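So the chains spell out like this:
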Amino acid sequence: MIDPKTKFKLFKQSKNFCAVPWTNFEVYSNGNVETCSRGKTTLGSLHEESIESILRGETITQLRQDMLNDVPNKNCVACQTQSAVDDGYHFLKDHYNSKIMFEDVDYTDPTNFDLRFIDLHWSNVCNLRCVMCNPEQSSLIAKDENITIPLVDPENIKTITNLILQKQDNIKEIYLSGGEPFYIPQNVTLFERLENKNIPVRINTNMHWHKNNKLFKILQSFNNVQLTMSADATHEKFEYIRTGSNWKTFIDNFVYVKDNTDFDLRVNMIFSIINVIDVPDNISYWYHGKNVKDLTLNLLTHPKELVSRNYPQDKKQSIIDRLLDVKKTIPEHELNLRSEIQYCIDDISQPSNMDYQSCLDKITTKSKKPWKEVFTDL
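To keep things clear, this report deals only with the structure shown in the data block. (Residues numbered from 1 in each chain as written. Predicted model: local features only at pLDDT ≥ 70, side-chain atom pairs only at ≥ 80, totals over all residues. Heavy atoms only, no water.)

### Things to note about the pairing of strand 12 (residues 264-271)
So, step 1. Along strand 12, seven of the eight residues are buried, which leaves the element largely enclosed by surrounding structure.
So, step 2. For strand 10 (residues 225-230) and strand 12, the ladder comprises five bridges, and the chain directions are parallel. Note on strand 12: the bridge partner recorded for Ser230 is Asn268.
So, step 3. Here strand 12 runs beside strand 13 (residues 295-299); their pairing, made up of five bridges, is parallel. Along strand 13, the bridge assignment pairs Val267 with Leu295.
So, step 4. Crossover strand 12 to strand 13 through helix 13 (residues 279-289) is right-handed. (Buried < 20%, exposed > 50% of the residue type's maximum accessible area, 1.4 Å probe, protein only. Helix = DSSP H or I, 4+ residues; strand = E, 2+ residues; numbered from the N terminus. Pairing = 2+ DSSP bridges. Right-handed = clockwise from strand over helix to strand, strands pointing away.)

The structure is reproduced here in structure tokens:
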């Protein structure tokens, strides 16, 4: 058992400590393993070595040692450049630390790993071609571009699955993304075997699955499931951004889940030039209209031409004003959402530095309409 004074120092006094390197890892469809979605360093590749060797390897061991010494590590720059609570916004390490603070994990050993969280993005199988996506996250885009994403080594999949099964009574969260998690067979294999129905499960989904989907039916026996629905806009623009989607299908599944399950529902939007004009209304639609209070706004990072700062300069102020107006309708206690709206304002306020038109010409060639007919504000 870790000494209480040492634990207090790490969790309450250290500027750089995070429990993640001892308790969490993230698997990507290309075989890479990272600490978390904010981690900047690849710990290793499942195409080249086992998950056991990666979790006790030199890179992650050094990361843990740096945290024990309260020294910044390049892997964690996203959390280091922002205080633990910045304008009331709780950063990712706070999400993990708060869930694990009272658990008995030996953080004094830089070679120790004790699974409590896991992020599984171990396949790119997907049924959509979102315009901001890539071959690593969409099998259809990979097919279009004639790119092969090697499957994660089956032995490592088996090892990871068995590790989760062995640790299932202690796991605080399983996070599934993709691809589209409801069509990834490894997820079905895992959840068919899990006996602990109280494990919190978070899933990113495009909501385009059938009601008899095998994973969906299995998850109805779990007691703590959260679906994060990807919805950057509504109606025609939603269908254009999420190529291959259908707005009616999305809403029908949303209503079905709301009426027939105990799942927690939240909405994720990616803020970019193709939807900045819609985001204020989208926030109101979900928060006030559909009573979905858990909303997340993520800034687009790729392709760089489509980041919000490249929006037409003469139209930026109207977007900023509308974002400020919708922010006023969000209660003061909704710290995360209010802060994320402000981050969007800060991002679009930056000077434009790239032209977006040729990028949109390239990535929307398979759509039925020219992008100028859909994104009329551009």
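### Things to note about the side chain of Lys327
So, step 1. Within the element layout of this structure, Lys327 appears in helix 14 (residues 316-328).
So, step 2. Under the relative-accessibility criterion, Lys327 is labelled buried at 17%.
So, step 3. The residues contacting Lys327, other than those within four sequence positions of it, are Arg338, Ile341 and Gln342. (Contact = heavy atoms within 4.5 Å.)

### Thoughts on the sheet that holds strand 6 (residues 117-120)
Hydrogen bonds between backbone groups are what pair the strands of a sheet, and the pairing can be parallel or antiparallel.
So, step 1. Pairing within the open sheet is mixed, and its nine strands lie in the order 3-2-1-6-8-9-10-12-13. One side of each edge strand has no neighbouring strand; the edge strands of this open sheet are strand 3 (44-45) and strand 13.
So, step 2. Pairing analysis gives four bridges linking strand 1 (residues 24-27) to strand 6, with the strands arranged parallel. By the bridge assignment, Glu26 is partnered in strand 6 with Asp119.
So, step 3. In the packing of helix 6 (residues 92-100) onto the sheet, the strands contacted are strand 1, strand 6, strand 8 (173-176) and strand 9 (201-205), and the crossing angle to strand 6 comes to about 140°. (Axes fitted to C-alpha atoms, helices over the stretch in contact; angles between N-to-C directions.)

### A closer look at the nonpolar core
So, step 1. With 92 residues, the main nonpolar core has Phe191 and Trp286 as its most contacted residues.
So, step 2. When neighbours within four sequence positions are excluded, Trp286 is seen to be in contact with Met229, Ala231, Trp247, Phe250, Ile251, Phe254, Val267, Met269, Asn291, Val292 and Leu295.
So, step 3. By size, the runner-up hydrophobic cluster in this structure holds 19 residues, among which are Cys18, Met67, Tyr96 and Tyr107. (Core = buried A, V, L, I, M, F, W, Y, C linked by side-chain atoms within 4.5 Å.)

### Points about the environment of Glu58
So, step 1. Here Glu58 shows up in helix 4 (residues 58-68).
So, step 2. When the C-alpha positions of Glu58 and Val292 are compared, they lie 43 Å apart, and in sequence the two are 234 residues distant.

### Quick notes on empty space enclosed by the protein
Empty space among the atoms becomes apparent when a probe as large as a water molecule is rolled across them.
So, step 1. Scanning the model with the defined rule gives two cavities of 30 Å³ or more in all.
So, step 2. By volume, the largest cavity amounts to about 160 Å³.
So, step 3. If you trace the largest cavity, you find 19 residues lining it, with Cys18, Met67, Cys76, Cys79 and Lys93 closest to the centre.
So, step 4. Elements with a contribution of two residues or more to the lining of the largest cavity: helix 2 (20-23), helix 5 (77-80) and helix 6.
So, step 5. Looking at which element gives the most residues to the lining of the largest cavity, the answer is helix 5, with four residues.
So, step 6. Among the residues forming the lining of the largest cavity, the class breakdown is eleven nonpolar, five polar and three charged.
So, step 7. Computed from the structure, the second largest cavity encloses a volume of approximately 40 Å³.
So, step 8. Lining the second largest cavity are Ser29, Trp122, Ser123, Asn124, Ile149, Pro150, Leu151 and Val152.
So, step 9. Of the residues that constitute the lining of the second largest cavity, the class distribution is five nonpolar, three polar and no charged. (1 Å grid on protein atoms, 1.4 Å probe; cavity = no way out; pocket = protein on both sides within 12 Å on 5 of 7 lines; lining within 4 Å. Points joined across faces, edges and corners; volume = space filled by probe spheres on them. Nonpolar A, V, L, I, M, F, W, Y, C, P; charged D, E, K, R; others polar.)

### Focus on the pattern of salt bridges
So, step 1. Under the defined criterion, the tally for this structure stands at 15 salt bridges.
So, step 2. The partner of Asp144 in a salt bridge is Arg129, with the nearest N and O atoms 2.5 Å apart. A residue pair is termed long-range when its members are at least 10 positions apart, and Asp144 in helix 7 (residues 139-144) and Arg129 in strand 7 (residues 129-130) qualify at 15 residues.
So, step 3. Given the relative accessible area of 33%, Asp144 is considered partly exposed.
So, step 4. Given a relative accessible area of 30%, Arg129 falls into the partly exposed group.
So, step 5. Among the ionic pairs, Asp294 bridges to Arg266, the shortest N-O distance being 3.1 Å. Separated by 28 residues along the polypeptide, Asp294 in the loop between helix 13 and strand 13 and Arg266 in strand 12 bring together distant segments of the chain.
So, step 6. Taking the relative accessible area as the measure of exposure, Asp294 reaches 29% and is therefore partly exposed. (Salt bridge = Lys/Arg side-chain N within 4 Å of Asp/Glu carboxyl O.)

Spatial relationships are all this shows, so hold off on functional conclusions.
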